[in-house]
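Residue-level structural notes
The residues making up each chain are set out below.
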Amino acid sequence: DVKVTQSSRYLVKRTGEKVFLECVQDMDHENMFWYRQDPGLGLRLIYFSYDVKMKEKGDIPEGYSVSREKKERFSLILESASTNQTSMYLCASSFLTSTHEQFFGPGTRLTVL
Amino acid sequence: GQNIDQPTEMTATEGAIVQINCTYQTSGFNGLFWYQQHAGEAPTFLSYNVLDGLEEKGRFSSFLSRSKGYSYLLLKELQMKDSASYLCAVTLGISGTYKYIFGTGTRLKVLA
């Protein structure tokens, strides 16, 4: 059974804190993605990675960074959390070619107070 | 710019047929995916179209016209469990791989 797991389902942090969201996949996928999902805005791509130590900016990378030290793990870092980063964060993974679907993790609902 | 349009909300009756439309204007196109997302859950894959035409998979079918930048998802014999959001996504080639651009999703309510 394929699986993408995320470190937390719910997280509450304070403004200015450094926040780490972790994602692990067990499918040997090359691609990994971080999205945020907000009502009325849909899924927006923050960063993605197609190989270890490789990263590409998505559509809304400001205020975020990522790390991919191992193929199965992709971390999203909020260097200094702000209230406008309160959102649902979804991790996904897929094989390299565009004909393959993405598999999503269960999501982390982050609240920044 | 990249733009994908879907209706925000639709309502249909159990047992009926519903068509959810998606139009896109993107710089580049590799293929189009449809995902289903129940409230509070992660999206799950429904269908993939890369060539023009209809792809059928049980009660669900998806159509693509690349020349018109248009797709639709057809759901037949609606069931209550089909109440969910349906996300249209276009894949674009970038940096030797690809990325997805998602529409904002269509929330479907199935009424008894």
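Right above here is the structure, for reference.
Quick notes on the rules
Residues numbered from 1 in each chain as written. Chains lettered and ligands numbered in written order. Predicted model: local features only at pLDDT ≥ 70, side-chain atom pairs only at ≥ 80, totals over all residues. Heavy atoms only, no water. Helix = DSSP H or I, 4+ residues; strand = E, 2+ residues; numbered from the N terminus. Buried < 20%, exposed > 50% of the residue type's maximum accessible area, 1.4 Å probe, protein only. Contact = heavy atoms within 4.5 Å. Lys, Arg positive; Asp, Glu negative; His and termini not counted. Charge placed at Lys NZ, Arg CZ, Asp CG, Glu CD. Rg over C-alpha atoms; globule rule 2.2 N^0.38 Å. Areas by Shrake-Rupley, 256 points an atom, 1.4 Å probe, with all protein chains shown as cover. Polar contact = N/O pair within 3.5 Å; in protein donor to acceptor, adjacent residues only side chain to side chain.

What follows covers the overall build of chain B. Helix and strand content of chain B: 0 helices and 11 strands. Going from the N terminus to the C terminus, chain B shows its helices and strands as β-β-β-β-β-β-β-β-β-β-β. Each of the three principal axes of chain B carries a C-alpha extent, and together these read 45 × 30 × 20 Å. Put simply, chain B has 112 residues, and 48% of those count as buried. Of the contacts formed within chain B by residues at least 6 apart in sequence, a portion of 56% connects residues at least 24 apart. Taking the average location of the 9 positive side-chain charges in chain B and that of its 9 negative ones, the two points are 4 Å from each other.

Here the focus is the overall build of chain A. The secondary structure content of chain A amounts to 0 helices and 11 strands. Counting from the amino terminus, helix and strand elements in chain A follow one another as β-β-β-β-β-β-β-β-β-β-β. Relative to the 2.2 N^0.38 estimate, which gives 13 Å for 113 residues, the radius of gyration of chain A is 13 Å and therefore close to what a compact globule would have. For chain A, the C-alpha atoms occupy an extent of roughly 40 × 25 × 25 Å along the three principal directions. Per-residue burial over chain A gives 49% buried out of 113 residues. Here the contacts in chain A between residues at least 6 apart in sequence split such that 56% fall between residues at least 24 apart. Counting every atom, chain A has about 5400 Å² of accessible surface; 51% of that belongs to carbon and sulfur. The distance from the centre of the 15 positive side-chain charges to the centre of the 15 negative ones in chain A is 6 Å.

A few words now on the side chain of S65 of chain A. Residue and element names in this part refer to chain A. Within the secondary structure, S65 is located in strand 7 (residues 64-70). Since its relative accessible area comes to 16%, S65 is described here as buried. Looking at S65, its side chain comes within polar contact range of the side chain of E79, at 3.0 Å. S65 has contacts with Y47, S75, L76, I77 and E79, leaving out every residue within four places of it along the chain.

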